[in-house]
Amino acid sequence: MSDLTTMSPSEHELATLIVDTLTLETEPDDIDPEAALYGEGLGLDSIDILEVALAVSKTYGVKLRADDENNATIFASLRTLNDHIQRLKAA
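The rules behind the values
- Residues numbered from 1 in each chain as written.
- Predicted model: local features only at pLDDT ≥ 70, side-chain atom pairs only at ≥ 80, totals over all residues.
- Heavy atoms only, no water.
- Helix = DSSP H or I, 4+ residues; strand = E, 2+ residues; numbered from the N terminus.
- Rg over C-alpha atoms; globule rule 2.2 N^0.38 Å.
- Buried < 20%, exposed > 50% of the residue type's maximum accessible area, 1.4 Å probe, protein only.
- Contact = heavy atoms within 4.5 Å.
- Areas by Shrake-Rupley, 256 points an atom, 1.4 Å probe, with all protein chains shown as cover.
- Lys, Arg positive; Asp, Glu negative; His and termini not counted.
- Charge placed at Lys NZ, Arg CZ, Asp CG, Glu CD.
- Axes fitted to C-alpha atoms, helices over the stretch in contact; angles between N-to-C directions.
- Parallel < 35°, antiparallel > 145°, perpendicular 65-115°, else oblique.
- Left-handed = near helix turned anticlockwise from the far one by under 90°.
- Nonpolar A, V, L, I, M, F, W, Y, C, P; charged D, E, K, R; others polar.
- Expected span 1.5 Å × (residues − 1).

## Here's the deal with the overall build of the chain
When helices and strands are counted, the chain shows four helices and zero strands. Counting helices and strands in the order they occur from the N terminus, the chain gives α-α-α-α. Against the 2.2 N^0.38 benchmark of 12 Å for 91 residues, the chain shows a C-alpha radius of gyration of 12 Å, consistent with a compact globule. Along the longest, intermediate and shortest principal axes, the C-alpha atoms of the chain span 35 × 30 × 20 Å. Out of the 91 residues belonging to the chain, those deemed buried represent 36%. A separation of at least 24 residues holds for 59% of the contacts in the chain among residues at least 6 apart in sequence. On the chain, roughly 5,700 Å² of surface is accessible, and the fraction owed to carbon and sulfur atoms is 53%. Across the chain, the 6 positively charged side chains and the 18 negatively charged ones have centroids separated by 12 Å.

## Here's the deal with the packing of helix α1 (residues 9–22) against helix α2 (residues 46–60)
Look at α1 against α2: their axes get within 10 Å of each other, and the N-to-C directions meet at 125°. The angle between the axes of α1 and α2 places the two elements in the oblique class. With respect to the hand of their crossing, α1 and α2 are arranged in right-handed fashion. On the side of α1, the interface is formed by Glu13, Leu14, Leu17, Ile18, Thr21 and Leu22, while α2 contributes Asp48, Glu51, Val52, Ala55, Val56, Thr59 and Tyr60. Class assignment of the residues belonging to the contact of α1 with α2 gives a composition of eight nonpolar, two polar and three charged.

## Side note on helix α4 (residues 78–90)
Here α4 spans 18 Å end to end across 13 residues, near enough to the 18 Å set by a 1.5 Å rise per residue. Every buried residue belonging to α4 is among Leu78, Arg79, Leu81, Asn82, His84 and Ile85, and all of these are buried.

Now the structure itself:
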């Protein structure tokens, strides 16, 4: 039943956080976990990404650094961002 476009519970929670933080006119369930967050896909810009990073830090207690050389990979999609958060929480 798990295919690439089905969200895990933690991905859905993160999608909800992103929609609520940015007051997006989309439903969390409508976000493709594999679609790009930045630019094409969800269409977030750099200010949106900063707001998401702050909300993630407050909500999950993990630090997302602006100078992390892996940010393009971390913020590539909802799924990659969620995977990164889960790794940080487990560390």
